Amino acid sequence: MKKQISLTALALATALTATAAHAGGVTVAEKGDTKLKISGKAFLGFTQNDNGAGAKTIGGNLDRFYMQAEYYTGIWKARFTTDIHNESALGKDQNVYVKYAFLEGKFSEAATLRLGLSHTPWIDYEQHLWKHRFVAKVTTDHFKLDSSADNGIGLKGKLADGMVNYWVTETAGAGYGAPAKTGALDFNSRISIAPVKGVDISLQYRNGYKGKKTDSTVNIADKETLTQLMASYGTHDYRAGFNTIKVTNYKTTTGEDMTANAVWGWAKFGGEYGAFARVEQLKWTGTVTNGDKKDHQVFGVDYYATHGVTLSFAYDAEKHTTGNTATTKKEIGLFTQLKF
């Protein structure tokens, strides 16, 4: 169950950051080798939505508003991040909950231990390369093939002078929305290699029940493996990449295998302007819904208003084909990102 957070505390944290004039946060207290840092990020928009059945809506939306506090002492760091999210499907206009709450110890560049409710190895990493999460999620997140945060333990680090970085975790599997103990932990990992400057080659491997095995004596829950390969090339001013994903489900009766592919890229022009695109497809390959698919496309232009503020006009469309029928949904309008 998502944990409710006091709006009063959130307002206080916002007030503490009022003096921050640039992305990266602000140190609000410091003593010796300890310090407390406050930062935040907001995804705001004004868009029109079309559900494909003739019903249209228009207006502003608060997609995400993160507030976070980080406490540093020696090699240790604790981080706490809240998230406001529009969840009308749950009967709530806005929901405030915990996204991250973890303790981290950095023993060397090659070994950092993390314990608690934390990022998973893949999604946050690809988001950093994609740079347009405030408009569209990355493929595994959009198609709900993986969760962006989960409760558990992990080890990460950099090897070979930073040419290789890795992250391996054991987590509850159900994601930050349901971080309870389960009957079996999920293994989730990523290894990334940068053989030359600008090139990124990353591999993900995940194996487990995604929180569905609630007790060690229950063996009827879904178990699946996910493998993903991503390759991209870019500089400070552009990046282009592709992903290929395979999900194998081991449930004996109604298990469904899936494949997904994506091509994406973005570029800056003259420092203030840019453009981006993402085209991806999820396809079911199991016997139950063989051939069903989702096609998703995002196109847009950017205006980098100032440091930490990006305005993007974008078009987002998805088509879900089930047998001989198809449903569509579209969104067009202004998407913004504020980082401080």
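Definitions and cut-offs
Residues numbered from 1 in each chain as written. Predicted model: local features only at pLDDT ≥ 70, side-chain atom pairs only at ≥ 80, totals over all residues. Heavy atoms only, no water. Helix = DSSP H or I, 4+ residues; strand = E, 2+ residues; numbered from the N terminus. Buried < 20%, exposed > 50% of the residue type's maximum accessible area, 1.4 Å probe, protein only. Areas by Shrake-Rupley, 256 points an atom, 1.4 Å probe, with all protein chains shown as cover. Phe/Tyr/Trp six-rings, centres within 6.5 Å; stacked < 30°, edge-to-face > 60°. Lys NZ or Arg CZ within 6 Å of the ring centre and 35° of its normal. Lys, Arg positive; Asp, Glu negative; His and termini not counted. Salt bridge = Lys/Arg side-chain N within 4 Å of Asp/Glu carboxyl O. Polar contact = N/O pair within 3.5 Å; in protein donor to acceptor, adjacent residues only side chain to side chain. Contact = heavy atoms within 4.5 Å.

A. Looking closely at the overall build of the chain. For the chain, the count of helices and strands is three helices and 17 strands. A buried classification covers 45% of the 340 residues belonging to the chain. Counting only carbon and sulfur atoms, one obtains 60% of the accessible surface of the chain, whose full area is about 17,200 Å².

B. Looking closely at unusual backbone geometry. One non-glycine residue, Lys131, lies in positive phi territory at about 65°. Following the sequence through the fold, Lys131 ends up in the loop between helix 2 (123-130) and helix 3 (139-142). Residue Lys131 is classed as partly exposed on the basis of its relative accessible area of 39%. The residue Ala160 is not glycine, and still its phi comes out positive at about 55°. On the secondary structure map, Ala160 appears in the loop between strand 7 (149-159) and strand 8 (164-171).

C. Just the packing of aromatic side chains, in detail. This structure, assessed with the given rule, holds ten aromatic pairs. A centroid spacing of 6.0 Å and a plane angle of 85° characterise the contact between Phe43 and Tyr66, whose relative ring orientation is edge-to-face. Highlighted residues: Phe43 in strand 2 (residues 34-50) and Tyr66 in strand 3 (residues 56-73), separated in sequence by 23 residues. Aromatic side chains Tyr233 and Tyr238 sit 6.2 Å apart centroid to centroid with 55° between the ring planes, which places their arrangement in the tilted category. You can call Tyr233 partly exposed: its relative accessible area is 40%. Here the aromatic residues Phe43, Tyr66 and Phe134 are joined through ring pairs into a cluster of three or more. Seen from the ring of Tyr72, Lys35 lies directly overhead, with NZ or CZ sitting 5.2 Å from the centre.

D. Main features of the side chain of Arg239. Tracing the backbone through its elements, the reader meets Arg239 in strand 12 (residues 238-249). With no salt bridge to any partner, buried Arg239 finds its closest opposite charge in Asp200, at an N-O distance of 5.9 Å. A polar side-chain atom of Arg239 sits 2.8 Å from a polar atom in the side chain of Ser232. In contact with Arg239, not counting residues within four places along its chain, are Leu129, Gly198, Asp200, Ser232, Tyr233, Gly234, Trp264, Gly265 and Trp266.

E. Molecular detail of the pattern of salt bridges. Scanning the model with the defined rule gives eleven salt bridges in all. As a salt-bridge pair, Arg206 and Asp146 come within 2.4 Å of each other at their nearest N and O atoms. Taken together, the residues Arg206 in strand 10 (residues 199-208) and Asp146 in the loop between helix 3 and strand 7 connect sequence positions 60 residues apart. For the pair shown, Arg206 and Asp146 are each scored as buried. The salt bridge partner of Asp222 is Lys212, with a shortest N-O separation of 3.6 Å. One end of the pair, Asp222, is in the loop between strand 10 and strand 11 (224-234); the other, Lys212, is in the loop between strand 10 and strand 11, and ten residues separate them in sequence. A residue is classified by how much of its surface remains accessible, and Asp222, at 19% relative accessible area, is buried. Taken together, the shared-partner salt bridges in this structure form one network comprising Glu126, Arg278 and Glu280.

F. Expanded view of the environment of Asp200. Following the sequence through the fold, Asp200 ends up in strand 10. Residue class for Asp200 comes out buried when judged on its relative accessible area of 6%. When the C-alpha atoms of Asp200 and Ser232 are compared, they prove to be 5.3 Å apart, with 32 residues separating the residues in sequence. Not counting the four nearest positions on each side in its chain, Asp200 is found in contact with Tyr125, Leu129, Ser192, Ile193, Met230, Ala231, Ser232 and Arg239.

Treat this as a map of the structure, not an account of what it does.
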